[in-house]
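Structure assessment
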Amino acid sequence: MKKIHRLPAIDGELGWYETSPLTGRTKGDRLKGKHKFDALVIGAGFTGLSTASRLAELWPDSRIALVDALRVGQGTSGRNAGFIIDLPHNLDANADPEIDKKVYQLNRFAISRLDQIRQQNGIDCSWQKAGKYFSAHEASNLCHLDSFTRTLDALHTPYEVIEGSALQQRLGTGYYQKAVYTPDNILMNPAALAQGVALALPDNVTLFENSPVTGIEYGSPHRAGFLGGEIEAKTLVLSTNSFGEEFGLFQQRLAPVFTYASLTRPMSEQYFPGTAPWGLTSAHPAGTTVRLTPDRRIFIRNSFSFETSLRTDQHTLDRAWKQHRASFSARFPELGELDFEYTWGGMLCMTLNHQSLFQQSADNLYALSGMNGVGVAKGTYLGYYLAEWIAGRNSDELAFIRRHNQPSWVPPDPLRSVGARIRLRYESGKAAGEI
Ligand SMILES: Cc1cc2nc3c(=O)[nH]c(=O)nc-3n(C[C@H](O)[C@H](O)[C@H](O)COP(=O)(O)OP(=O)(O)OC[C@H]3O[C@@H](n4cnc5c(N)ncnc54)[C@H](O)[C@@H]3O)c2cc1C
């Protein structure tokens, strides 16, 4: 059995998980003993949850296991900024308007699928159709707003350009010169949404949490090893994102880039009176993401590091915390010393050409990985259509996904790490006041 060496860790204080009303409610046991299932999905982020859920619908008489090394909501899916982005994003950009149109439709499909699960099961995850402000502080970045509006025009989607004092009134900060507001982006607590989706899984899915896969053997059946346990399954899906290459099915495709987030304590009522919760992404890819949450906290995300260990450390978390304080103070000087209650890190699993990995590796063996920082929507639709592929259902969507998700080769370490670190430093330098 091939050993899996690098395993997921907690990487800081997980703000969304700690504040989720559903924490403590998911019911996955640790995997112990020998088990047989028809299908095994490894990784219970949005991608694995979606794969298991759709497969269970298509195969109602099969038994499906979904396992995660951590608890649902503790992995990257529960650590992100909580945007479910409908539009092609700058981390997922395409030059071709026809591709953008299809990606937009798939993102909207993912939003409606998650919304349906949420509504049917009464998932309490602070879901809001709050829209998104794509914003620039520096004059040099206003051109990115213009190119975004050209994409929106081609897609015939609504937007508003807001500047100066009107923008300040909406956001409660005068930090930004100009923004493009798009109305259909969803904001939510991502740990709570992932937990809610896990709780809503069909009865023929068995969830195992706190159960790292420590060994793997491909065959008929496939075998996954755990500490004190094993699963045999005819069909195996790997949806482990940045940990994908550990399983040996593909190599030199992923660039695991850590980014960091902080969440303040809730503010008193005197601040932001009458301001609706909002979410803002930066016109520069290395810029800061900011949210005002419904429970009146400020969320900040920025800073990057490239960690081949797939874990971060205290020193890097401290450095991110300092940058978050500086970014927070620049935007909200009147909030003074309002503390961060939580600071954490998580991995954007990037690929060089921004295409995800979506592959059949052998009979009854599939992998999907590399969500490029937009995995809430993308992981949801890729997981859904992977399940359709496994069940033998063809569609135009599946054909499109298979054609356009072939990540290009990245060089091996140390070249990969050196290249990635130079690029991250260069982009951070260029982002200037957007950070
Ligand atoms: C700070 C931050 C902000 C972000 N903001 C956004 C955003 O606003 N919107 C958005 O769409 N995306 C955002 N992203 C990206 C998004 O979180 C990811 O694209 C998404 O989580 C990918 O989902 P996934 O299910 O493919 O992978 P993951 O969420 O990483 O799930 C993979 C799972 O596999 C498990 N696993 C790995 N190895 C093993 C093993 N050996 N055994 C068992 N289990 C294993 C892990 O524990 C993990 O839970 C952000 C990311 C970060 C870090």
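Presented here is a report on the structure given in the accompanying data block. The structure displayed is predicted, hence computed values, not measured ones. (Residues numbered from 1 in each chain as written. Predicted model: local features only at pLDDT ≥ 70, side-chain atom pairs only at ≥ 80, totals over all residues. Heavy atoms only, no water.)

As for its placement among the helices and strands, proline 277 is situated in the loop between strand E13 (255-264) and strand E14 (278-282). Between the alpha carbons of proline 277 and asparagine 241 there is a distance of 30 Å; along the sequence they are 36 residues apart. (Helix = DSSP H or I, 4+ residues; strand = E, 2+ residues; numbered from the N terminus.)

Looking at where proline 266 falls in the secondary structure, it is placed in the loop between E13 and E14. As for proline 266 and asparagine 353, which are separated by 87 residues in sequence, their C-alpha atoms are 39 Å apart. Those residues in contact with proline 266 that sit more than four places away from it in its chain are Asp295, Arg296, Arg297, Leu338 and Glu341. (Contact = heavy atoms within 4.5 Å.)

To continue, consider unusual backbone geometry. Look at the link from serine 220 to proline 221: it is a cis peptide, with omega at 10°. Here proline 221 lies in the loop between strand E10 (215-217) and strand E11 (222-226). In this structure, the amide linkage connecting aspartate 413 to the following residue, proline 414, adopts the cis form with an omega of 5°. Relative to the helices and strands, proline 414 resides in the loop between helix H9 (396-403) and helix H10 (415-431). A positive phi angle, near 45°, is found at asparagine 241, a position not held by glycine. Along the chain, asparagine 241 falls in the loop between strand E12 (229-238) and E13. The backbone of asparagine 372 shows a phi angle near 55°, a positive value even though the residue is not glycine.

What follows deals with helix H7 (residues 314-331). Over its 18 residues, H7 extends 26 Å from the first C-alpha to the last, a length consistent with the 26 Å expected when each residue adds 1.5 Å. Packed against the buried residues of H7 are E13, strand E15 (289-292), strand E16 (298-306) and strand E17 (340-350). (Expected span 1.5 Å × (residues − 1).)

Strand residues, when the strand is regular, have side chains that alternate between the two faces of the sheet. By the alternation rule, side chains of strand E3 (residues 64-67) split into Ile64 and Leu66 and Ala65 and Val67, which are all buried. With four bridges connecting them, strand E2 (residues 33-42) and E3 associate as parallel partners. Pairing of leucine 40 across the sheet is with alanine 65, part of E3. Sheet analysis places E3 next to strand E9 (residues 205-208), joined by four bridges and oriented parallel. Looking across to E9, one finds that valine 67 is bridged to phenylalanine 208. (Buried < 20%, exposed > 50% of the residue type's maximum accessible area, 1.4 Å probe, protein only. Pairing = 2+ DSSP bridges.)

A word on the pattern of salt bridges. Scanning the model with the defined rule gives 20 salt bridges in all. Across the pair glutamate 209 and arginine 71 runs a salt bridge whose closest N-O atoms are separated by 2.6 Å. Linking glutamate 209 in the loop between E9 and E10 with arginine 71 in the loop between E3 and strand E4 (83-84), this pair joins segments that are 138 residues apart in sequence. Ionic pairing is found between glutamate 230 and arginine 223, a salt bridge with its closest N-O pair at 3.0 Å. Its relative accessible area of 24% is what places arginine 223 among the partly exposed residues. Each of Arg54, Glu57, Arg113, Glu388 and Arg393 takes part in a single network of salt bridges with overlapping partners. (Salt bridge = Lys/Arg side-chain N within 4 Å of Asp/Glu carboxyl O.)

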